[in-house]
Amino acid sequence: QVHLVESGGGLVQPGGSLRLSCTASGSIFSVSFMGWYRQAPGKQRELVAGVTSGGRKNYADSVRGRFTISRDNAKNTVSLQMNSLKFEDTAVYYCNAKVTSYSTYIANDYWGQGTQVTVSS
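As the structure is a prediction and not an experimental result, all values here were calculated from the model.

Draft legend 1. Quick peek at the state of the cysteines. Tallied over the entire structure, the rule returns one disulfide. Covalent S-S linkage joins Cys22 and Cys95, the inter-sulfur distance amounting to 2.1 Å. Judged by the sign of its S-S torsion, about -80 degrees, the cystine formed by Cys22 and Cys95 is left-handed. Remark: Cys95 occurs in strand S9 (residues 91–101) and Cys22 occurs in strand S3 (residues 18–26); sequence separation between them is 73 residues. Each member of the pair, Cys22 as well as Cys95, carries the same accessibility label: buried.

Draft legend 2. Region of interest: the environment of Ile28. Position of Ile28 among the secondary structure elements: in strand S4 (residues 28–39). For Ile28 and Gln39, which are 11 residues apart along the polypeptide, the C-alpha to C-alpha distance reads 27 Å. Residues within four places of Ile28 in sequence aside, it is in contact with Val2, Asn76, Val99, Thr100, Ser101 and Tyr102.

Conventions adopted
Residues numbered from 1 in each chain as written. Predicted model: local features only at pLDDT ≥ 70, side-chain atom pairs only at ≥ 80, totals over all residues. Heavy atoms only, no water. Disulfide = S-S within 2.5 Å. Helix = DSSP H or I, 4+ residues; strand = E, 2+ residues; numbered from the N terminus. Buried < 20%, exposed > 50% of the residue type's maximum accessible area, 1.4 Å probe, protein only. Contact = heavy atoms within 4.5 Å.

Below, the structure written as structure tokens:
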């Protein structure tokens, strides 16, 4: 079994900052990709930022320059520093990881439970 546990999120004013963190635990052989998705009401889930085990990062155009993703491979954690938050960043944020477990040696997608980020004045 593999579990992703998220922390962070909450309510912040426009222009403010928040930090999200996610830790993968369980029977983990390797983690190739870790990232953050978000889903706003009435919209599809979208990739916000991701990072490979080799450190390659990608960002959605809407957050590039404001958000920074970081990863600790030894701890299987990924964090998302969100600065200059805007109203349109309001959404439920989900951690995602592509994990190969010891039980199957097959890479599968795992998701966190989601954490609410609300940007409001």
